[in-house]
Amino acid sequence: MKYMNLFYSMIACFMLTFGCVKAERKVLDKNIFYSSKNPLLNIKVDPELKFIGKANANIYRDYTTSPGGTFHKNEAYIFGRIHNNTLQSAVIISFSTMRQGHYLPDVFSKIKNKIDSGSLKINNKRFHFCIYASSSPLVSYQEIFLDDKGYVIPNCFLVKAYCRRTSIRNDNDTRVTIKYLEDIFHGTGYRCRDWKNVNAFEKEQSKFLTQFVKRSEQSMQILEDITAVK
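Source: prediction; values computed, not measured. Residue numbering note: each chain is counted from 1, following its sequence as written. This being a predicted model, a pLDDT of at least 70 is required before a residue's local features are given, and a value of 80 or more before pairs of side-chain atoms are given or counted; all residues contribute to the totals for chains, interfaces and linings. Excluded from the side-chain calculations are hydrogens and water; all other atoms, namely the structure's heavy atoms, are used.

*Asks:* Let's hear about the pattern of salt bridges: which residues, and what values?
*Replies:* For this document, the term salt bridge refers to a Lys or Arg side-chain nitrogen within 4 Å of an Asp or Glu carboxyl oxygen. One pass over the structure, following the stated rule, counts 5 salt bridges. The salt bridge involving Glu-75 is made with Arg-25; its shortest N-O contact spans 2.6 Å. In this pair, Glu-75 is assigned in strand E5 (residues 69-83) and Arg-25 in strand E1 (residues 25-28), connecting sequence segments 50 residues apart. Pair check on accessibility: Glu-75 and Arg-25 agree, each one buried. In this structure, Arg-215 and Glu-182 form a salt bridge, with 2.7 Å as the shortest nitrogen-oxygen distance. In this text, helices come from DSSP runs of H or I with a minimum length of four residues, and strands from runs of E with a minimum of two, each type numbered from the N-terminal end. Partly exposed residues are those whose accessible area sits between 20% and 50% of the maximum for their type, while under 20% is buried and over 50% is exposed, using a 1.4 Å probe and protein chains only.

*Asks:* Give a detailed account of the packing of aromatic side chains, specifying residues and quantitative values.
*Replies:* When the centres of two rings from Phe, Tyr and Trp lie within 6.5 Å, Trp using its six-membered ring, the rings pair. Their planes under 30 degrees apart give stacked, over 60 give edge-to-face, and anything left gives tilted. For the coordinates displayed, the defined rule picks out 9 aromatic pairs. Seen in terms of ring centroids, Tyr-190 and Trp-195 are 5.2 Å apart; in terms of plane orientation they differ by 65°. Their pairing is edge-to-face. Residues Tyr-190 and Trp-195 agree in their burial class; the two are buried. Taken together, a centroid distance of 5.1 Å and an interplanar angle of 80° make the contact between Trp-195 and Phe-201 edge-to-face. One aromatic cluster is present, formed by Tyr-190, Trp-195, Phe-201 and Phe-208 through successive ring pairs.

*Asks:* Could you give an account of unusual backbone geometry, with specific residues and numbers?
*Replies:* A cis geometry characterises the amide bond from Asn-38 onward to Pro-39, with omega recorded as -5°. One non-glycine residue, Asn-31, lies in positive phi territory at about 60°. Checked against the element boundaries, Asn-31 lands in the loop between E1 and strand E2 (32-36). Given the relative accessible area of 14%, Asn-31 is considered buried.

These figures capture arrangement, not role.
Right under this line is the structure:
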């Protein structure tokens, strides 16, 4: 009986999303972020964006479609370009795990005035994406982390974000979000309200948006195989 209990414990450990071996997440040489599971992920970040650090928080949130709520375990790996102690641009790779319940399929439902959104496959994995302007693109615990380091966060960013749910279990549902964000007020004069109506964009504004998308793609690349860059 003792050995049978041990056997079943090992099987349960193997099958659980958060098995006995925790996900290993770290920044490797060449500014590559690595996650061993939930999900397996390799992201090459532009070396111009220096790794600032890892932020953590456990946050209680109400359910969207039913009474009650649950705790979310959050961690974020923040890379940034800093000038005069001000965040100019950043890549933020964040993981949020819901202890009970699951995330809704529309991961960007709370984003207003989307410039562009949809889904696409990257290395045979389905990601949702969204481009938008925001005065507060960081989650509160990420803002606190940067503020504690003495960095100033501007009040308007353009953001391109990718998001993917990595589990469809009713418990321990995990969501990964990869954001590139760029201060658009300093140097351009654009304000967040200037990006509310896509159909009203000026020619120079549309040109700037195209250049922003190119910079976002150059700043972060989701790799298929980590061995390709070792």
